[in-house]
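One-letter residues, chain by chain:
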Amino acid sequence: MSERADRLLREAVRELAGSPHQPPNFAATAIVQGRRMRRRRQTIAAAAAFVAIGAIAAPYVWLRPDPQPPALGIGGPPAATTPASSPTPRSESPGDWRNGPVELPGGALLLSAGSTRQAGPTWAYDSARRRYVSVPASYTSVRVSPRLPVAAVRSSGRPTDVALYDLATGKPEWFRTGKTVMGVEWSPDGRRLLATLQDRKTGMYTIGLLTPDAGDFQYYPVKTRPVSCLGVCRFTWAPGGREVALSQAEAVVDAPKVVPPGLQLFAADDGMPTRFLPIQGGVASSAAWSPDGSLVVVSASSDSAARGEPAPPAKEKVTAQLVSTQTGKVVRQLPSADVTWITPSRLLYLDPARPGGLTAVLVDPSGAEHERAELPLELVSSDDIRFAAR
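All values derive from a computational prediction rather than experimental measurement. (Residues numbered from 1 in each chain as written. Predicted model: local features only at pLDDT ≥ 70, side-chain atom pairs only at ≥ 80, totals over all residues. Heavy atoms only, no water.)

Engineer: Give a detailed account of the state of the cysteines, specifying residues and quantitative values.
Structural biologist: Tallied over the full model, the rule gives 1 disulfide. Each disulfide pairs two cysteine sulfurs, and for Cys 229 the partner residue is Cys 233, the sulfurs being separated by 1.5 Å. Where Cys 229 bonds to Cys 233 through sulfur, the torsion about that S-S bond is close to 110°, and the disulfide is right-handed. Accessibility classification places Cys 229 together with Cys 233 in one group, the buried group. (Disulfide = S-S within 2.5 Å. Buried < 20%, exposed > 50% of the residue type's maximum accessible area, 1.4 Å probe, protein only.)

See the structure below:
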């Protein structure tokens, strides 16, 4: 028997002994009485403990803030949340990139990616459906409008024709020019197509302008003597969309003297010479001009431009240069001449030293790198990639 039980039994014996009526079975009655006293004290102790706990917990219950109802999304049920410990995995499906604009540094847009070797189709961005579509490899050149859901395409079997390829239906609408098409390029606003046309018999060049809404070409022959180009003669748009530029070995003027190489600008709508800029080098596209026209990126050999040669010898190294259009001075060297100005202070280019992949690099005019992004692996074989500012 425990010490506590022995004590309760003794108290019960004393209580019964003082009673005037003694029970016949005194011992058994004392044991029962002791058990009753133990249960009574346990009950009293439990009640006292409950009261004490209630006194301690009451202030916390009274002062606890009211529970807030779950937040509802606008016009719908509560938004589902994902626990921090199990984030939603990003899909690695190879087809995901085709269903929307490829994310590029600076918010740039990937317009197209294809191969000049006709190694496969060209992926073109359909601005109407906001996805990339496949243009057959039979087209030797694909130039997507940054504003319209069409691409200008050419075919080796039709050297004098240009087609507007509907990205939604896959159907081309062909236009005959009557001259050899040397190149095509969309205007900065993406609504007019510039074509460089050459008459093979006379060697004269013509500016061809096609407005999809009008549905036909307008022709403006260059009103000068035959031009002398640096490499391939090809017009590119100048900022503003009113002039086109041509990189030449000498200026297009009627004077008989030879002048240093430079950029000759023409009025787009009549072919008349407008300005001559002392810039030595080739301009890849209209995307090489800064938005305000104060800078342009050109490709130039190490010293052939200074000698006035029409094309650099194969042994000379071709470099990319950022040049002031006002003075013709080289501001600095750049890793690539095939650039796209995204903003007045940012340029985008493909890293030429990146093996086994395609890396888009965003830099500023000082050459400082700001951001990099990998393009989809399916585009690794592409050597004709076009970007645009949004």
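Next comes the rest of the account.
Engineer: A description of the side chain of Ser 382 should follow, citing residues and the corresponding values.
Structural biologist: Secondary-structure assignment places Ser 382 in the loop between strand 22 (369-374) and strand 23 (384-388). In this structure Ser 382 touches Ala 113 and Gly 114, once residues within four positions along its chain are discounted. (Helix = DSSP H or I, 4+ residues; strand = E, 2+ residues; numbered from the N terminus. Contact = heavy atoms within 4.5 Å.)

Engineer: Describe the side chain of Gln 248, and please don't skip the residues or the numbers.
Structural biologist: Turning to its location among the elements, Gln 248 is positioned in strand 13 (residues 243-248). Filtering out sequence-adjacent residues up to four positions away, Gln 248 remains in contact with Val 227, Ser 228, Cys 229, Leu 230, Pro 261, Gly 262 and Gln 264.

Engineer: Explain the pairing of strand 23 residue by residue, including any values.
Structural biologist: Among the 5 residues in strand 23, 4 count as buried, and that is most of the element. Taken together, the 5 bridges between strand 1 (residues 109-114) and strand 23 define a ladder with antiparallel strand orientation. The residue of strand 23 that forms the bridge with Ala 113 is Ile 385. (Pairing = 2+ DSSP bridges.)

Engineer: Now, about the nonpolar core: what can you tell me, with residues and values included?
Structural biologist: Among the nonpolar cores identified, the biggest contains 32 residues, and Leu 104, Leu 110, Tyr 132, Leu 167, Leu 348 and Leu 375 are the most heavily contacted of them. Put simply, the parts of the chain that give this core at least two residues each are strand 1, strand 2 (122-126), strand 3 (131-135), strand 4 (141-144), strand 5 (150-155), strand 6 (158-166), strand 21 (359-363) and strand 23. Counting residues per element, this core draws most heavily on strand 1, which supplies 4 residues. Leave out the neighbours within four places in its chain, and Leu 167 touches Ala 124, Tyr 125, Asp 126, Arg 129, Val 133, Val 135, Val 144, Pro 149, Val 150 and Ala 151. (Core = buried A, V, L, I, M, F, W, Y, C linked by side-chain atoms within 4.5 Å.)

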